[in-house]
Amino acid sequence: MHILLTGGTGLIGRALCAHWAEQGHHLTVWSREPSKVARLCGANVRGIARLEELAEEPLDAVINLAGAPIADRPWSSKRKALLWSSRIGLTEQLLTWLQRRQQRPAVLLSGSAVGWYGNGGERELSEGTPQVTDDFAAQLCGAWEETAQRAEDLGIRVVLVRTGLVLSPDGGMLKRLLLPFKLGLGGRIGDGRQWMPWIHIADQIGLIDFLLQQGDARGPYNACAPLPVRNAEFSKALGQALSRPTIFPAPAFVLRAALGEMSELLLGGQRAVPARLLEAGFSFRFTHLDVALADLLGHQ
């Protein structure tokens, strides 16, 4: 297959490129810095700065994962505008280009997040659950999905992947937590009762590959392990995996003062379950957090 990726140099994109290159697929990454693509994604992965460079080359699938990191810094008006344009604006560019093409891919698999639901509290969230709250993250994910969904009007099957917290020692939340937890400075966030829908990077790559190959897969899928955990349980499990105590909580009032609106990403949560993936027959390799952490941190 010829697969076009946006966000190909990110954590998930790099792992996808490695997986699909090994399978012999032809990969193209649309990037602001195409000269870095081969180094980050693999020697045989092509980087392009403009979609027009593909001309009318046959294309089988588009994987749309691009987006500025949502939790890297507080949500000023300028930061919110960047988060919006890097997701919705880029997806609109992609759709405009696809509309002009004579040959179109069979499928667009577009990124989203469990943040689509908002802060779900204790409610179990499957793909059929409506949005619970209407905070900025929920609005962002909602607009991102609605934009991608317009590709259906072009005859393209659209799959929406609502990703949870991807666990990998190579990036994302787990990598940021490793140093403080190794130093014995880790602990729960707020009261620790908020739900954390996590997923091992291997399962994230596996389910994207699975959905790409399921000709009847379309619409939203929760990309998270079947057994979400509360933040206090996650913190304790990470401390145990690193043989360190977890006695330094991050008080909610401190986070709210330091991060403002963005603090709700940490203090809220989603008890999301991958109902549609399980119904479709996808088999998770890692369903229990302690086993996943042992696998990921075995070399630490």
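A brief structural summary. Being a predicted model, the structure only gives us computed values, none of them experimental.

## Focus on the side chain of N222
Then, in step 1: Counting through the fold element by element, N222 comes out in strand 11 (residues 219–223).
Then, in step 2: Looking at N222, its side chain comes within polar contact range of the side chain of Y117, at 2.8 Å.

## Regarding the side chain of R157
Then, in step 1: Within the secondary structure layout, R157 lies in strand 7 (residues 157–163).
Then, in step 2: Buried charge without a partner: R157 forms no salt bridge, and the closest opposite charge is D216, 6.5 Å away.
Then, in step 3: One polar contact links the side chain of R157 to the main-chain carbonyl oxygen of G215, over a distance of 3.4 Å.
Then, in step 4: Setting aside its immediate chain neighbours within four residues, R157 contacts A106, V107, L108, E152, L211, L212, Q214, G215, A217 and R218.

## Observations concerning the sheet that holds strand 1 (residues 2–6)
Then, in step 1: Taken in spatial order, the seven strands line up as 3-2-1-4-5-7-11 in an open sheet, and their pairing is parallel. Each edge of the sheet is formed by a strand with only one pairing partner; in this case those strands are strand 3 (46–48) and strand 11. Averaged over all pairs of adjacent strands, the angle between strand axes in this sheet comes to 20°, irrespective of strand direction.
Then, in step 2: Sheet contacts for helix 6 (residues 201–213): strand 1, strand 4 (61–64), strand 5 (107–113), strand 7 and strand 11; angle to strand 7, the most-contacted strand, approximately 165°.

The rules behind each value
- Residues numbered from 1 in each chain as written.
- Predicted model: local features only at pLDDT ≥ 70, side-chain atom pairs only at ≥ 80, totals over all residues.
- Heavy atoms only, no water.
- Helix = DSSP H or I, 4+ residues; strand = E, 2+ residues; numbered from the N terminus.
- Polar contact = N/O pair within 3.5 Å; in protein donor to acceptor, adjacent residues only side chain to side chain.
- Buried < 20%, exposed > 50% of the residue type's maximum accessible area, 1.4 Å probe, protein only.
- Lys, Arg positive; Asp, Glu negative; His and termini not counted.
- Salt bridge = Lys/Arg side-chain N within 4 Å of Asp/Glu carboxyl O.
- Contact = heavy atoms within 4.5 Å.
- Pairing = 2+ DSSP bridges.
- Axes fitted to C-alpha atoms, helices over the stretch in contact; angles between N-to-C directions.

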